[in-house]
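# Structural characterization, general
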Amino acid sequence: MPQTHRHLKEAPVTDPRTRDDLLEAMRLGCPLCVLIERAERKAIDHFLYDQVNDISQRDALRASRGLCLPHSEMLAEGRSALGVAILSRDILRTLTAELEASGGGSRGGLKSLLGGNPNAQLADRIGPQAGCPMCAERPRLEAPLFTGLFHNLNDANFAAAFDASAGLCRVHLANGLRAAPQAAGRDLAARQAAIWRRMEAVLDEFIRKNDYRFNEPILEHERDVWRRALQATSGWYHRDGDE
Ligand SMILES: [Zn+2]
Ligand SMILES: [Zn+2]
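All residue numbers refer to position in the chain's written sequence, counted from 1. Think of it this way: whatever chain is written first is A, whatever ligand is written first is 1, and the rest follow in order. Only residues with pLDDT of at least 70 get local features here, since the model is predicted, and only at 80 or more are side-chain atom pairs given and counted; chain-wide, interface and lining totals rely on the full set of residues.

In these notes, a nonpolar core means any group of buried Ala, Val, Leu, Ile, Met, Phe, Trp, Tyr and Cys residues linked to one another through C-beta atoms within 7 Å. Working definition of burial: number of other C-beta atoms within 10 Å of the residue's own, with buried at 20 or more, exposed at 12 or fewer, and partly exposed in between, all C-beta atoms being placed from the backbone. Counting residues in each nonpolar core, the largest one holds 18 residues, and the members touching the most others are Cys30, Leu32 and Cys169. A helix here means a DSSP run of H or I that spans at least four residues, while a strand means a run of E at least two residues long, and both kinds are numbered starting from the N terminus. Counting only elements with at least two residues in this core, the list comes to helix 1 (16-26), helix 2 (31-51) and helix 8 (133-152). Think of it this way: build a C-beta for each residue from its backbone, and any pair within 7 Å is a contact. Contacts of Leu32, omitting those with residues within four sequence positions, involve Glu142, Leu145, Leu168 and His172. Ile44, Leu67, Cys132 and Met134 belong to the second-largest nonpolar core, a separate cluster that totals six residues.

This is how it looks when you write it as structure tokens:
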């Protein structure tokens with residue numbers, strides 16, 4: 001048997017760099033949101049430079065009518081105007097062909113006879129015929145980060161840093177609970193509950209101090225608690241121009 005099998009009974013193998021990445025990302029928000037966003041921006045730039053002429057990728061993107069809105073924003077902020085132009089021309093041609101194929105011809109007429117609304121059918125055909133390919137990649141990007149998170153939460157220093165942070169957003173907490181071994185999942189849920197109770201108390205203070213009857217200054221850590229809470233509850237994340 002290969003020697004690596006002895007690791008299987010212990011904690012799963014995890015890249016030591018993942019620990020540093022998670023610790024650094026926790027300072028900015030949900031560490032999964034931060035690291036996935038970073039990885040996706042890299043993947044999008046890589047795609048625009050190196051894979052935009054790859055036929056299978058282009059087929060997938062024509063079917064999905066490009067990327068979802070958050071990933072389109074990354075495309076727009078990416079580094080290749082040429083790549084976006086090539087990609088968009090492709091999708092535009094596909095959409096125009098759909099419009100022309102329907103143009104008052106027999107296809108629409110036949111569908112009308114069958115009782116459908118031809119305009120609604122055309123609307124369906126120009127819409128996405130497949131999911132956003134970048135979104136489909138997410139589980140593959142998240143898996144090693146969750147492995148690293150559960151592995152490192154066994155370490156007291158790492159766990160203390162996690163407890164002092166905002167923890168995971170709702171979306172990544174749910175994904176993490178699904179991916180976790182049972183005991184690790186219970187531990188994560190308890191830590192996150194304590195973090196969210198603390199956040200709730202800060203929100204209480206923020207809301208109280210916004211009442212005109214109180215004339216107390218809003219403290220530094222209270223000022224942007226609404227933003228941290230929005231991230232926690234929705235999974236929304238946008239980096240604050242940190243590059
Ligand atoms: Zn998240
Ligand atoms: Zn997407």
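The next point concerns the confidence of the model for the chain. Per-residue confidence from the predictor is reported as pLDDT, which spans 0 to 100. Here the chain averages 88 in pLDDT, and 88% of its residues register 70 or above. Summarising per-element confidence for the chain, the mean pLDDT is lowest in helix 6 (residues 106-113) (53) and highest in helix 9 (residues 156-164) (98). In the predicted structure, residues 1-11 sits below a pLDDT of 50 and forms three contacts with residues beyond four places in sequence or in another chain.

Next up on the list: the environment of Phe214. Tracing the chain through its elements places Phe214 in the loop between helix 11 (182-209) and helix 12 (220-223). Setting aside residues no more than four positions away along its own chain, Phe214 makes contact with Arg208 and Lys209.

The backbone of Arg65 shows a phi angle near 55 degrees, a positive value even though the residue is not glycine. Here Arg65 lies in the loop between helix 3 (55-63) and helix 4 (69-76). A tally of 16 C-beta atoms within 10 Å means that Arg65 is categorised as partly exposed.

Considering the arrangement of structural elements, one finds Arg170 in helix 10 (residues 170-179). The exposure class assigned to Arg170 is partly exposed, which follows from the 15 C-beta atoms found within 10 Å. With 22 residues separating them along the chain, Arg170 and Gln192 place their C-alpha atoms 9.7 Å apart. Residues within four places of Arg170 in sequence aside, it is in contact with Ala232, Thr233, Ser234 and Gly235.

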